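Summary of the model geometry
Residue strings, one per chain:
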Amino acid sequence: MTISLVHPSRGRAVKARATASKWISKMSDDNDVEYILSIDHDDPQKGLYYQWFSIARISIAHNSNVVQAMNAGALLSIGQIIVCISDDFEPPSHWDKLIIDNYEWWKDIAIRVNDTITKEEDLILTLPILSRSLYNKLGYIYHPDFSGMWADNDLAEQCKSMGALINRFDLVFPHNHWVNGKAVKDSTYNRHNTTESWNIGTKVIEERRKQRI
(Lines give C-alpha, C1' and ligand atoms only; values in the text may rest on other atoms or scores of the structure.)
Protein backbone atom coordinates (compact mmCIF):
# COMPACT_ATOMS: atom_id res chain seq x y z
CA MET A 1 0.00 0.00 0.00
CA THR A 2 1.23 3.50 -0.80
CA ILE A 3 1.11 6.24 1.81
CA SER A 4 1.39 9.90 0.90
CA LEU A 5 3.24 11.90 3.54
CA VAL A 6 2.26 15.53 3.08
CA HIS A 7 4.61 17.87 4.91
CA PRO A 8 4.11 21.65 4.78
CA SER A 9 7.04 23.61 6.16
CA ARG A 10 8.28 27.18 6.24
CA GLY A 11 11.60 28.60 7.38
CA ARG A 12 12.61 25.33 9.02
CA ALA A 13 14.72 23.45 6.52
CA VAL A 14 16.95 21.85 9.17
CA LYS A 15 14.02 20.82 11.34
CA ALA A 16 12.04 19.59 8.36
CA ARG A 17 14.93 17.41 7.17
CA ALA A 18 15.23 15.81 10.61
CA THR A 19 11.49 15.20 10.68
CA ALA A 20 11.50 13.61 7.24
CA SER A 21 14.34 11.31 8.26
CA LYS A 22 12.39 10.10 11.31
CA TRP A 23 9.22 9.36 9.40
CA ILE A 24 10.95 7.48 6.62
CA SER A 25 13.37 5.53 8.83
CA LYS A 26 10.60 4.40 11.19
CA MET A 27 8.44 2.86 8.46
CA SER A 28 8.18 -0.88 8.11
CA ASP A 29 9.23 -2.63 4.90
CA ASP A 30 5.67 -3.58 4.05
CA ASN A 31 4.49 -0.34 2.45
CA ASP A 32 5.61 2.38 0.07
CA VAL A 33 5.76 6.08 0.82
CA GLU A 34 5.75 9.15 -1.37
CA TYR A 35 7.07 12.20 0.41
CA ILE A 36 5.51 15.50 -0.56
CA LEU A 37 7.09 18.67 0.79
CA SER A 38 4.93 21.77 0.51
CA ILE A 39 6.73 25.11 0.73
CA ASP A 40 5.90 28.72 -0.01
CA HIS A 41 7.19 30.58 -3.05
CA ASP A 42 8.71 33.26 -0.81
CA ASP A 43 10.28 30.98 1.80
CA PRO A 44 13.72 32.43 2.68
CA GLN A 45 15.13 28.89 3.00
CA LYS A 46 13.74 27.63 -0.31
CA GLY A 47 17.20 26.81 -1.63
CA LEU A 48 17.98 24.57 1.34
CA TYR A 49 14.72 22.71 0.97
CA TYR A 50 15.52 21.94 -2.67
CA GLN A 51 19.05 20.91 -1.76
CA TRP A 52 18.08 18.54 1.06
CA PHE A 53 14.82 17.06 -0.19
CA SER A 54 15.96 15.31 -3.33
CA ILE A 55 13.76 12.31 -2.43
CA ALA A 56 10.63 14.41 -2.22
CA ARG A 57 8.07 15.70 -4.62
CA ILE A 58 7.98 19.41 -3.91
CA SER A 59 4.94 21.63 -4.08
CA ILE A 60 5.82 25.31 -4.26
CA ALA A 61 2.90 27.70 -4.30
CA HIS A 62 1.77 31.20 -3.37
CA ASN A 63 0.57 30.07 0.04
CA SER A 64 -0.31 32.66 2.64
CA ASN A 65 -1.00 30.21 5.47
CA VAL A 66 -0.59 26.60 6.60
CA VAL A 67 -4.05 25.60 5.36
CA GLN A 68 -3.16 26.56 1.81
CA ALA A 69 0.23 24.85 2.09
CA MET A 70 -1.30 21.61 3.37
CA ASN A 71 -3.96 21.54 0.68
CA ALA A 72 -1.46 22.37 -2.06
CA GLY A 73 0.71 19.44 -1.02
CA ALA A 74 -2.23 17.06 -0.82
CA LEU A 75 -3.21 17.91 -4.39
CA LEU A 76 -0.05 16.11 -5.58
CA SER A 77 -0.70 12.96 -3.56
CA ILE A 78 -1.53 9.61 -5.11
CA GLY A 79 -1.42 7.25 -2.10
CA GLN A 80 -4.34 5.25 -0.79
CA ILE A 81 -3.69 6.87 2.59
CA ILE A 82 -2.76 10.50 3.19
CA VAL A 83 -0.83 11.33 6.36
CA CYS A 84 -0.43 15.05 6.99
CA ILE A 85 2.51 15.91 9.21
CA SER A 86 4.37 18.99 10.36
CA ASP A 87 7.89 19.79 11.50
CA ASP A 88 7.07 19.03 15.13
CA PHE A 89 5.44 15.58 14.97
CA GLU A 90 7.31 12.39 15.75
CA PRO A 91 6.18 8.89 14.68
CA PRO A 92 6.48 5.61 16.58
CA SER A 93 8.37 2.69 15.04
CA HIS A 94 6.44 0.97 12.23
CA TRP A 95 3.87 3.74 12.30
CA ASP A 96 2.56 2.71 8.90
CA LYS A 97 1.57 -0.76 10.10
CA LEU A 98 -0.02 0.70 13.21
CA ILE A 99 -2.42 2.84 11.19
CA ILE A 100 -2.98 0.44 8.29
CA ASP A 101 -3.69 -2.81 10.11
CA ASN A 102 -7.31 -3.79 10.71
CA TYR A 103 -8.88 -1.09 8.54
CA GLU A 104 -10.47 -1.15 5.10
CA TRP A 105 -8.75 1.82 3.56
CA TRP A 106 -10.87 1.91 0.42
CA LYS A 107 -13.69 3.23 2.63
CA ASP A 108 -14.14 6.73 4.05
CA ILE A 109 -11.81 6.69 7.05
CA ALA A 110 -10.05 9.27 9.23
CA ILE A 111 -7.87 8.09 12.11
CA ARG A 112 -7.45 10.23 15.20
CA VAL A 113 -4.27 9.46 17.15
CA ASN A 114 -2.85 10.66 20.47
CA ASP A 115 -0.69 13.74 19.95
CA THR A 116 0.24 13.92 23.70
CA ILE A 117 -1.26 17.43 23.96
CA THR A 118 -4.99 17.19 23.30
CA LYS A 119 -7.23 15.16 25.58
CA GLU A 120 -9.05 12.04 24.46
CA GLU A 121 -12.41 13.81 24.72
CA ASP A 122 -11.21 16.70 22.52
CA LEU A 123 -12.54 16.59 18.98
CA ILE A 124 -9.56 17.68 16.91
CA LEU A 125 -7.31 16.24 14.19
CA THR A 126 -3.87 17.76 14.61
CA LEU A 127 -2.30 14.91 12.61
CA PRO A 128 -4.77 14.18 9.79
CA ILE A 129 -4.73 10.58 8.53
CA LEU A 130 -7.29 10.16 5.77
CA SER A 131 -8.22 7.54 3.21
CA ARG A 132 -8.08 8.55 -0.44
CA SER A 133 -11.84 8.01 -0.66
CA LEU A 134 -12.55 10.43 2.17
CA TYR A 135 -10.10 13.02 0.86
CA ASN A 136 -11.71 12.89 -2.57
CA LYS A 137 -15.13 13.33 -1.00
CA LEU A 138 -14.04 16.30 1.11
CA GLY A 139 -11.91 17.89 -1.59
CA TYR A 140 -9.44 19.23 0.96
CA ILE A 141 -7.45 18.38 4.09
CA TYR A 142 -8.36 21.60 5.88
CA HIS A 143 -11.37 23.58 4.69
CA PRO A 144 -9.98 26.45 2.57
CA ASP A 145 -12.00 29.13 4.39
CA PHE A 146 -9.70 28.73 7.40
CA SER A 147 -6.31 30.44 7.65
CA GLY A 148 -4.98 28.15 10.36
CA MET A 149 -6.67 28.19 13.76
CA TRP A 150 -9.73 25.92 14.20
CA ALA A 151 -9.09 24.10 10.90
CA ASP A 152 -8.11 20.87 12.71
CA ASN A 153 -11.20 21.08 14.93
CA ASP A 154 -13.39 21.51 11.89
CA LEU A 155 -11.83 18.54 10.11
CA ALA A 156 -12.51 16.26 13.08
CA GLU A 157 -16.07 17.48 13.43
CA GLN A 158 -16.73 17.08 9.71
CA CYS A 159 -15.31 13.54 9.65
CA LYS A 160 -17.36 12.58 12.70
CA SER A 161 -20.54 13.95 11.11
CA MET A 162 -19.83 11.72 8.09
CA GLY A 163 -19.34 8.66 10.27
CA ALA A 164 -15.71 8.42 9.15
CA LEU A 165 -13.80 9.28 12.34
CA ILE A 166 -12.04 6.44 14.14
CA ASN A 167 -10.51 7.17 17.54
CA ARG A 168 -7.14 5.44 18.16
CA PHE A 169 -5.89 7.27 21.21
CA ASP A 170 -3.70 4.27 21.99
CA LEU A 171 -1.49 5.24 19.02
CA VAL A 172 0.94 7.86 20.28
CA PHE A 173 2.49 10.37 17.86
CA PRO A 174 4.17 13.01 20.07
CA HIS A 175 3.55 16.61 19.09
CA ASN A 176 6.73 18.46 20.05
CA HIS A 177 5.09 21.86 20.18
CA TRP A 178 5.94 25.10 21.95
CA VAL A 179 2.78 24.84 24.10
CA ASN A 180 4.19 21.78 25.89
CA GLY A 181 7.73 23.13 26.05
CA LYS A 182 9.08 20.81 23.36
CA ALA A 183 9.97 23.57 20.88
CA VAL A 184 10.88 27.23 20.68
CA LYS A 185 8.12 29.55 19.52
CA ASP A 186 9.66 30.68 16.24
CA SER A 187 8.43 32.89 13.39
CA THR A 188 6.51 30.01 11.80
CA TYR A 189 4.52 29.40 14.97
CA ASN A 190 3.92 33.13 15.28
CA ARG A 191 2.70 33.30 11.69
CA HIS A 192 0.14 30.59 12.39
CA ASN A 193 -1.02 31.51 15.89
CA THR A 194 -2.43 35.00 15.47
CA THR A 195 -5.50 36.77 16.78
CA GLU A 196 -6.63 37.34 13.20
CA SER A 197 -6.40 33.62 12.40
CA TRP A 198 -8.27 32.78 15.60
CA ASN A 199 -11.07 35.23 14.78
CA ILE A 200 -11.37 34.00 11.20
CA GLY A 201 -11.45 30.40 12.38
CA THR A 202 -14.05 31.08 15.06
CA LYS A 203 -16.38 32.67 12.54
CA VAL A 204 -15.90 29.95 9.91
CA ILE A 205 -16.37 27.02 12.26
CA GLU A 206 -19.51 28.54 13.76
CA GLU A 207 -21.01 28.79 10.29
CA ARG A 208 -19.95 25.28 9.36
CA ARG A 209 -21.38 23.86 12.59
CA LYS A 210 -24.74 25.37 11.67
CA GLN A 211 -24.55 23.63 8.30
CA ARG A 212 -23.76 20.28 9.95
CA ILE A 213 -26.77 20.38 12.28
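Structure: above.
Residues numbered from 1 in each chain as written. Predicted model: local features only at pLDDT ≥ 70, side-chain atom pairs only at ≥ 80, totals over all residues. Heavy atoms only, no water.

1. Let's talk about the overall build of the protein
Helices and strands together make up the secondary structure of the protein, namely eight helices and seven strands. The C-alpha atoms of the protein give 16 Å as radius of gyration, which agrees with the globular expectation for 213 residues (17 Å, within 12%). With respect to the principal axes defined by its C-alpha atoms, the protein has extents near 50 × 45 × 30 Å. Within the protein, the fraction of its 213 residues that count as buried is 51%. Within the protein, counting contacts between residues at least 6 apart in sequence, those at least 24 apart form 74% of the total. For the protein, the exposed surface amounts to about 10000 Å²; the carbon and sulfur share of it is 52%. If the 24 positive side-chain charges of the protein are averaged to one point and the 27 negative ones to another, these points end up 2 Å apart. (Helix = DSSP H or I, 4+ residues; strand = E, 2+ residues; numbered from the N terminus. Rg over C-alpha atoms; globule rule 2.2 N^0.38 Å. Buried < 20%, exposed > 50% of the residue type's maximum accessible area, 1.4 Å probe, protein only. Contact = heavy atoms within 4.5 Å. Areas by Shrake-Rupley, 256 points an atom, 1.4 Å probe, with all protein chains shown as cover. Lys, Arg positive; Asp, Glu negative; His and termini not counted. Charge placed at Lys NZ, Arg CZ, Asp CG, Glu CD.)

2. Side note on the sheet that holds strand β2 (residues 32-40)
Taken in spatial order, the seven strands make up an open sheet running β3-β2-β1-β4-β6-β5-β7, and their pairing is mixed. The open sheet has two edge strands with one neighbour each: β3 (57-61) and β7 (165-172). Across the sheet, the mean angle from the axis of one strand to that of its neighbour is 20°, orientation sign disregarded. With five bridges joining them, strand β5 (residues 110-114) and β7 adopt parallel strand pairing. What sits directly across from N114, in β7, is V172. (Pairing = 2+ DSSP bridges. Axes fitted to C-alpha atoms, helices over the stretch in contact; angles between N-to-C directions.)

3. Description of the layout of surface pockets
Its volume calculated, the largest pocket comes out at about 980 Å³. Lining the largest pocket are 44 residues; nearest its centre among them are V66, D152, H177, H192 and N193. Contributing elements (two or more residues each) for the lining of the largest pocket: α3 (66-74), α6 (151-161), α7 (187-192) and α8 (195-212). When its residues are assigned to classes, the lining of the largest pocket shows 19 nonpolar, 16 polar and nine charged. (1 Å grid on protein atoms, 1.4 Å probe; cavity = no way out; pocket = protein on both sides within 12 Å on 5 of 7 lines; lining within 4 Å. Points joined across faces, edges and corners; volume = space filled by probe spheres on them. Nonpolar A, V, L, I, M, F, W, Y, C, P; charged D, E, K, R; others polar.)

4. What about the packing of α6 against α8?
Interhelical geometry of α6 versus α8 gives an angle of 5° and a closest axis separation of 11 Å. Comparing their axes, α8 and α6 come out roughly parallel. Residues N153, D154, E157, Q158 and S161 of α6 touch α8, and the partners they reach there are I205, R208, R209 and R212. A class-by-class count of the residues in the contact of α6 with α8 yields one nonpolar, three polar and five charged. (Parallel < 35°, antiparallel > 145°, perpendicular 65-115°, else oblique.)

5. Some remarks on the pattern of salt bridges
Scanning all chains against the criterion turns up 16 salt bridges. Residue D30 is joined to K97 by a salt bridge in which the shortest nitrogen-to-oxygen separation is 3.4 Å. Separated by 67 residues along the polypeptide, D30 in the loop between α1 (13-25) and β2 and K97 in helix α4 (residues 95-100) bring together distant segments of the chain. Linking E207 and K210 is a salt bridge whose minimum nitrogen-to-oxygen distance equals 3.5 Å. Of the two residues, E207 and K210 both sit in helix α8, three residues apart, roughly one turn of that helix. Its relative accessible area of 40% is what places E207 among the partly exposed residues. (Salt bridge = Lys/Arg side-chain N within 4 Å of Asp/Glu carboxyl O.)

6. What about empty space enclosed by the protein?
Unoccupied space between atoms shows up once a probe the size of one water molecule is rolled over them. Tallied over the entire structure, the rule returns one cavity of 30 Å³ or more. Looking at the largest cavity, its volume works out to about 30 Å³. Lining the largest cavity are R112, V113, I124, L125, T126 and L127. Grouping the amino acids of the lining of the largest cavity by side-chain chemistry returns four nonpolar, one polar and one charged.

7. Here we look at the nonpolar core
Ranked by size, the top nonpolar core spans 28 residues in total, and within it W23, V83, W95, I129 and F173 carry the most contacts. When residues of this core are assigned to their parent elements, the largest contribution, four residues, is made by α1. Discounting chain neighbours no more than four positions away, the residues touching V83 are I3, S4, L5, V6, W23, W95, I99, P128 and I129. (Core = buried A, V, L, I, M, F, W, Y, C linked by side-chain atoms within 4.5 Å.)

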